[in-house]
Amino acid sequence: MEENHNTELRKKMLEEQIAGRGIKDSRVLAAMEKVPRHLFVPESMRDRAYEDSPLPIGGEQTISQPYMVAWMTDLLHIGKDDRVLEVGTGSGYQAAILCELAAYVYSIEKNPELAAGAEEMLRSLGYKNISIKVGDGTKGWPEEAPFDGIIVTAGAPSVPQPLLDQLAEGGRLIIPVGSKTMQVLTVITREVGKFQAKQEGSCVFVPLVGRFGWQKKRML
Ligand code: SAM
């Protein structure tokens, strides 16, 4: 009964917030319709899981607004054989969407409790094509590079060099870049060894904290 209710809410979210705002890729739409977002938010927030907004997930972090997840995923242009790196696992919801679309997903989270919670939920939903590690994602995951797609789900002061270095030829990096309170969603492509950046629009993310992100002294 409750599952039917959530399925209905998810359909409504898809029609009004995702397809209704111009996302057209059928694979992205199918993934957004399939993944049970309510299971990735704290129990006390479940009745708000399909609202048009980010929600708190603990540790002063958030699960992104559904449209933001769909928009960033759409910009990644993920193919079935792609290997994708996510920086900022958070609840694991964006990672689940990536698992639906890519061959394999690598996801890095700095907060051990969030990483453990996300891993548990993703395993319980049967996702096998993902590895999660606790660490500083601004350094990327050099042992597994290069990646066809890299998605950063926290706001960076600038584009971390290791992520550029770990982007495959023809690959795409999606990253919010700007101040701690407002960023521009930026798409970087790598073609014949050259990087091109395109600004897609404004966004607001929690800070990307790390060696090549916001450092403690810059947070003050
Ligand atoms: N993608 C997540 C989801 O689907 O729930 C939302 C991510 S939340 C907006 C940003 C996450 O980035 C937080 O969980 C935060 O702990 C994490 N984060 C911030 N800096 C990081 C870093 N250097 N490396 C890895 N994770 C980081």
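Everything quoted here is computed from the prediction, not taken from an experiment. (Residues numbered from 1 in each chain as written. Predicted model: local features only at pLDDT ≥ 70, side-chain atom pairs only at ≥ 80, totals over all residues. Heavy atoms only, no water.)

1. Things to note about helix H1 (residues 2–18)
Item 1. With 17 residues, H1 should cover 24 Å at 1.5 Å per step; its first-to-last C-alpha distance of 23 Å lies within 8% of that length.
Item 2. Those residues of H1 not exposed but buried are Asn 6, Arg 10, Met 13, Leu 14, Gln 17 and Ile 18. Buried positions in H1, seen along its axis, are confined to an arc of 110° and lie on one side of it. For H1, exposure combined with an orientation more than 90 degrees from the buried face picks out Asn 4 and Glu 15.
Item 3. Buried positions along H1 lie against helix H2 (26–34), helix H3 (66–76) and helix H4 (93–101). (Helix = DSSP H or I, 4+ residues; strand = E, 2+ residues; numbered from the N terminus. Expected span 1.5 Å × (residues − 1). Buried < 20%, exposed > 50% of the residue type's maximum accessible area, 1.4 Å probe, protein only. Arc of directions from axis to C-beta. Contact = heavy atoms within 4.5 Å.)

2. Looking at the layout of surface pockets
Item 1. Here the largest pocket is characterised by a volume of approximately 500 Å³.
Item 2. Every element with two or more residues in the lining of the largest pocket is listed here: strand E2 (61–63), H3, strand E3 (83–87), H4 and strand E4 (104–109).
Item 3. The element that contributes the greatest number of residues to the lining of the largest pocket is E2, accounting for three residues.
Item 4. Classifying every residue of the lining of the largest pocket gives 16 nonpolar, 14 polar and four charged.
Item 5. As for the second largest pocket, its lining consists of 15 residues, and the residues nearest its centre are Leu 39, Phe 40, Ser 91, Gly 117 and Ala 118.
Item 6. The biggest single contributor to the lining of the second largest pocket is helix H5 (residues 112–124), with seven residues. (1 Å grid on protein atoms, 1.4 Å probe; cavity = no way out; pocket = protein on both sides within 12 Å on 5 of 7 lines; lining within 4 Å. Points joined across faces, edges and corners; volume = space filled by probe spheres on them. Nonpolar A, V, L, I, M, F, W, Y, C, P; charged D, E, K, R; others polar.)

3. Things to note about H3
Item 1. In terms of burial, H3 is largely enclosed, as ten of its eleven residues are buried.
Item 2. Regarding H3, the residues found buried are Pro 66, Tyr 67, Met 68, Val 69, Ala 70, Trp 71, Met 72, Thr 73, Leu 75 and Leu 76.
Item 3. Note on H3: the residue one or two positions beyond its end, His 77, has a positive phi of about 50°.

4. Section: the site of the ligand
Item 1. Within the structure, the ligand sits among 25 residues, and Gly 88, Ser 91, Glu 109, Gly 137 and Val 209 are positioned closest to it.
Item 2. Between a nitrogen atom of the ligand and a main-chain N or O atom of Gly 88, the distance comes to 2.9 Å.
Item 3. In this structure, Asp 136 approaches the ligand through a side-chain N or O atom, which is 3.0 Å from a nitrogen atom.
Item 4. Starting from 600 Å² of accessible surface for the ligand in isolation, the protein chains cover 99%.
Item 5. Cavity membership is defined here by more than half of the atoms lying within 2 Å of grid points; on that basis the ligand lies in the largest pocket.
Item 6. At the level of secondary structure, the elements contributing two or more residues to the shell around the ligand comprise E2, H4 and E4.
Item 7. Partitioned by chemical class, the residues of the shell around the ligand number nine nonpolar, twelve polar and four charged. (Near = heavy atom within 4 Å. Polar contact = N/O pair within 3.5 Å; in protein donor to acceptor, adjacent residues only side chain to side chain. Areas by Shrake-Rupley, 256 points an atom, 1.4 Å probe, with all protein chains shown as cover. Sits in = over half its atoms within 2 Å of the grid points.)

5. Considering the sheet that holds strand E9 (residues 194–203)
Item 1. Taken together, seven strands build an open sheet; the order of strands is E5-E4-E3-E6-E7-E8-E9 and the sheet is mixed. Looking at which strands have only one partner, the edges of the open sheet turn out to be strand E5 (130–134) and E9. Direction aside, neighbouring strands of the sheet carry axes that sit 15° apart on average.
Item 2. Bridge count for E3 against E4 is five bridges, and the pairing is parallel. Paired with Val 87 across the two strands is Ile 108, which belongs to E4.
Item 3. This element, H3, spans E3, strand E6 (147–152), strand E7 (167–178), strand E8 (183–191) and E9 of the sheet and lies at about 150° to E7.
Item 4. Helix-sheet contacts for H4 involve E3, E4, E5 and E6, and the interaxial angle to E3 is about 175°. (Pairing = 2+ DSSP bridges. Axes fitted to C-alpha atoms, helices over the stretch in contact; angles between N-to-C directions.)

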